[in-house]
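Here are the chains, one letter per residue:
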Amino acid sequence: MNPATLALENQYFSLRKSLPELEAQGATQDQLDALRTAIAQSRTNYWTAIGRQFHEDDPEVAALISQMNASQLALDQTVKHLGDVAKILNGITQAVDIGSKLAAKVIAL
Amino acid sequence: MTTILRRHFCFVSVLLLFLCVFACKVSEDAAAAARQMTTTAVDLSSHYNSLAQAVTDSIALNELDASISKIPFEAKDRRPLEDTLSEISKRKDAALALAKLAASMSALSSSTVSSEVGTAASALGKELVDMKALPAGSPVPDAVGQAGKFLLQFVQQHKEKEAAQAMNGTLAAFVFLFEKEKPTYDSIFRTYIFLASQIARDLIARRAVDPSPMLTPALKPFDLTPLPADAQLRDTLQALALGRLQTSAEDASKRETDASSAMLSALEEMRSRVHLLATEKPMPIRDNPFSLKIVESWVASAI
């Protein structure tokens, strides 16, 4: 599997799974809306990447994949340990921004 | 003199018999390859059809997700899914065109060639050239278009070896495409199953699912029917329902991965058999590639 597409798939799965967890944690309506927007963006990033190819040898793409995987790992740990919702959302926004940069690197076949 | 003539006659007879048997063998191989390739291409088309259905269902699931969990799904969000659906549909159409062309190879053993052969050949060339997935600047699309034209001429002239060579090139393009895109197909199906299971999980958590059909194994032998579950029964069965959901989702993803691997094996197997035909070697196996059974079983359960 193309590592960039796989990273975007993992991000979408992880964010979508975190919605009921943050609801249960008592996140405010504004915070949940921000998360829903981030989920929609990560889903669009994933589907944009599907069926297209990345310049996998591009060092910038490799760095973005590495950054995204690291931020995703940190985010998963924060959500699991039910930390501060605002901090989690900040991490989500950063991770999705990296995903959007990665998706923007796609080239049409 | 009579003995010499008799010997000569016997020699010519044996030679004619040998040529006849050889010609018949090659025709049988060509006919068998045509049948196998037709089945393989039809199954490839069915495989793409199931994948297209998964994308269509993914669109419906995202609409549900927007209603139930308020995750936005607007026109701009829908577009990349529809683009993917369009690309998969092109592959399905190309596989169907391959099936028609493969079926036309059986014309090698008949005295006339249907005009449908030419239509099938040019349709396949067009479908493959229309696809954007083959590498830019690659000779493959042109080669495939040419292969279609050559195939038509060779079938018309009853040239089995040349027809097989042309078909070999066409099959190579399909193997290349499927192998390159297989991880994408697996990811698309995995995402479809993920979203379906996530929505089902949310509904179970909201007590919006009636788990009473889960009682069927206990009640069916006695011809009993469960009543709709009350709140207490829903709570009791929630953990079991969520556990089964997880297992079923993992099984579904694995079956798709197995089916796409089996489809790739079948395409590669067909290519090697057609290569035998193209190099005038005997094709010992007359059955369809065995791995097609796995594909057919998945297609039957996936739709």
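Since we're looking at a predicted model, the values are computed, not measured. Residue positions within a chain follow its written sequence, with the count starting from 1. All chains are assigned letters beginning at A, and all ligands numbers beginning at 1, according to the order in which they are written. Only residues with pLDDT of at least 70 are given local features in this predicted model, and only at 80 or more are side-chain atom pairs given and counted; all residues enter the totals for whole chains, interfaces and linings.

> Describe the overall build of chain A, with residues and values.
Helix and strand content of chain A: four helices and zero strands. When the helices and strands of chain A are placed in sequence order, the string is α-α-α-α. Three exposure classes are used. Buried residues have 20 or more other C-beta atoms within 10 Å of their own C-beta, exposed residues have 12 or fewer, and partly exposed residues fall in between, all C-beta atoms being placed from the backbone. Per-residue burial over chain A gives 40% buried out of 109 residues. Two residues qualify as being in contact provided that their C-beta atoms, derived from the backbone, are within 7 Å of each other. Across chain A, the fraction of contacts at a sequence separation of at least 24, relative to all contacts at a separation of at least 6, is 81%. Working definition: helices are DSSP H or I runs of at least four residues, strands are E runs of at least two. Numbering for both runs from the N terminus.

> Quick one: what's the story with the overall build of chain B, residue by residue and with numbers?
A count of helices and strands for chain B gives eight helices and zero strands. Seen in sequence order, chain B has helices and strands lined up from the N terminus as α-α-α-α-α-α-α-α. Across the 303 residues of chain B, 34% fall into the buried class. Expressed as a percentage of contacts within chain B between residues at least 6 apart in sequence, the contacts between residues at least 24 apart total 78%.

> How would you summarise helix H1 (residues 3–24) of chain A if you had to cite specific residues and measurements?
Residue and element names in this part refer to chain A. For H1, built from 22 residues, the straight-helix expectation of 32 Å at 1.5 Å per residue is met to within 8% by its first-to-last C-alpha distance of 32 Å. Take the seven residues that end at a residue and the seven that start at it, fit an axis to each, and the angle between those axes is the bend at that residue. Of all the bends in H1, the largest measures some 30 degrees and sits at Ser18, one to four residues before the proline Pro20. Taken as a whole, H1 has its buried residues at Ala4, Thr5, Ala7, Leu8, Glu9, Gln11, Tyr12, Leu15, Arg16, Ser18 and Leu19. The length a helix should cover is 1.5 Å for every residue beyond the first.

> Account for unusual backbone geometry, with residues named and values stated.
Residues and elements named next belong to chain B. Here the phi dihedral of Lys70 falls at roughly 60 degrees; this positive angle occurs in a residue that is not glycine. Tracing the backbone through its elements, the reader meets Lys70 in the loop between helix H1 (2–69) and helix H2 (75–104). Residue classification places Lys70 among the partly exposed residues on the basis of 13 C-beta atoms within 10 Å.

> I'd like to hear about the confidence of the model for chain A, residue by residue, with values.
Detailed reading of predicted coordinates is not advised where the pLDDT is low. Chain-level pLDDT for chain A is 80 on average; 83% of the residues reach the 70-or-more range. Within a predicted model, pLDDT stands for the predictor's per-residue confidence, ranging from 0 to 100. Highest mean pLDDT in chain A belongs to helix H2 (residues 29–49) of chain A (93); lowest belongs to helix H3 (residues 59–80) of chain A (73).

> Please provide a residue-by-residue account of the interface of chain B and chain A, values included.
Listed by partner, the interface residues are 20 residues for chain B and 20 residues for chain A. Residue assignment for the side of chain B that touches chain A shows that the elements contributing at least two residues are H2 and helix H5 (160–205) of chain B. The biggest single contributor to the side of chain B that touches chain A is H5 of chain B, with nine residues. Among the residues making up the side of chain B that touches chain A, the classes are represented as nine nonpolar, six polar and five charged. Gly is put with the polar residues, along with every residue not named as nonpolar or charged; the nonpolar set is Ala, Val, Leu, Ile, Met, Phe, Trp, Tyr, Cys and Pro, and the charged set is Asp, Glu, Lys and Arg.

> Tell me what's going on with the environment of Lys182 of chain B, and back it up with residues and numbers.
All names here are of chain B. Within the element layout of this structure, Lys182 appears in helix H5. We classify Lys182 as partly exposed; it has 16 C-beta atoms within 10 Å. Distance in space between the C-alpha atoms of Lys182 and Ser261 is 8.0 Å, their sequence separation being 79 residues. In contact with Lys182, not counting residues within four places along its chain, are Ser260 and Leu264.

> Go over the nonpolar core, please, and point to the residues and values.
Note on terminology: a nonpolar core is any set of buried Ala, Val, Leu, Ile, Met, Phe, Trp, Tyr and Cys residues joined through C-beta atoms within 7 Å. Ranked by size, the top nonpolar core spans 78 residues in total, and within it Leu102 of chain A together with Leu98 of chain B carry the most contacts. If one sorts the elements of this core by residue count, H5 of chain B sits on top with 15 residues. Non-local contacts of Leu98 of chain B, meaning those with residues more than four positions away in its chain, are made with Ala41, Leu124, Thr170 and Phe174 of chain B.

> Residue-level account of the environment of Leu98 of chain B, with values.
Position of Leu98 of chain B relative to the elements: it lies in helix H2. Along the chain, Leu98 of chain B and Ser197 of chain B lie 99 residues apart, while their C-alpha atoms are 36 Å from each other.

> Any details on the environment of Leu245 of chain B? Residues and values, ideally.
All names here are of chain B. Mapped onto the elements of the fold, Leu245 is located in helix H7 (residues 231–278). By C-beta crowding, Leu245 is classed as partly exposed, having 17 other C-beta atoms within 10 Å. Sequence separation of Leu245 and Ala200 is 45 residues, and the distance between their C-alpha atoms is 8.0 Å. The residues contacting Leu245, other than those within four sequence positions of it, are Ser197, Ala200 and Arg201.

> Help me get a handle on the packing of H2 of chain A against H2 of chain B, residues and values and all.
Viewed as axis vectors pointing N to C, H2 of chain A and H2 of chain B meet at an angle of 25 degrees, and their least axial separation amounts to 9 Å. It follows that H2 of chain A is roughly parallel to H2 of chain B by the angle criterion. When you trace H2 of chain A past H2 of chain B, the crossing you get is left-handed. Of the residues in H2 of chain B, those in contact with Ala40, Arg43, Thr44, Trp47 and Thr48 of chain A of H2 of chain A are Asp77, Pro80, Leu81 and Thr84 of chain B. Among the residues forming the contact of H2 of chain A with H2 of chain B, the class breakdown is four nonpolar, three polar and two charged. In this analysis an axis means a line fitted to C-alpha atoms, helices contributing only their contacting stretch, and an angle means the value between N-to-C directions, from 0 to 180 degrees. The scheme is simple: roughly parallel for angles under 35 degrees, roughly antiparallel for over 145, roughly perpendicular for 65 to 115, oblique for anything else. Helix crossings are classified by the rotation of the near helix relative to the far one: an anticlockwise turn of less than a right angle makes the crossing left-handed, while a clockwise turn makes it right-handed.

> Help me get a handle on helix H4 (residues 85–104) of chain A, residues and values and all.
Residue and element names in this part refer to chain A. Here H4 is 20 residues long and its end C-alpha atoms lie 28 Å apart, about the 28 Å a rise of 1.5 Å per residue gives. Along H4, the positions that sit buried rather than exposed are Ile88, Ile92, Ala95, Val96, Ile98, Gly99, Leu102 and Ala103. End-on view of H4: buried residues confined to an arc of 155 degrees, all on one side of the axis. For H4, the exposed residues lying more than 90 degrees away from the buried face are Ala86, Lys87 and Ala104. To obtain the arc, one takes the directions from the helix axis to the C-beta atoms.

> Quick rundown of the confidence of the model for chain B? Include the residues and the values.
Residue and element names in this part refer to chain B. Looking at chain B as a whole, its pLDDT mean stands at 80, while 73% of the residues score no less than 70. Per-residue pLDDT, averaged within each element of chain B, yields its smallest value for helix H4 (residues 140–156) (57) and its largest for helix H6 (residues 216–219) (94). Predicted confidence is poor over residues 1–5, with pLDDT under 50, and the contacts of this stretch with residues over four places away or in other chains come to zero contacts. This model gives residues 134–141 a pLDDT under 50, and the stretch forms eight contacts once residues within four places in sequence are excluded. We note a pTM of 0.80 for the whole complex and an ipTM of 0.79 for its interfaces.

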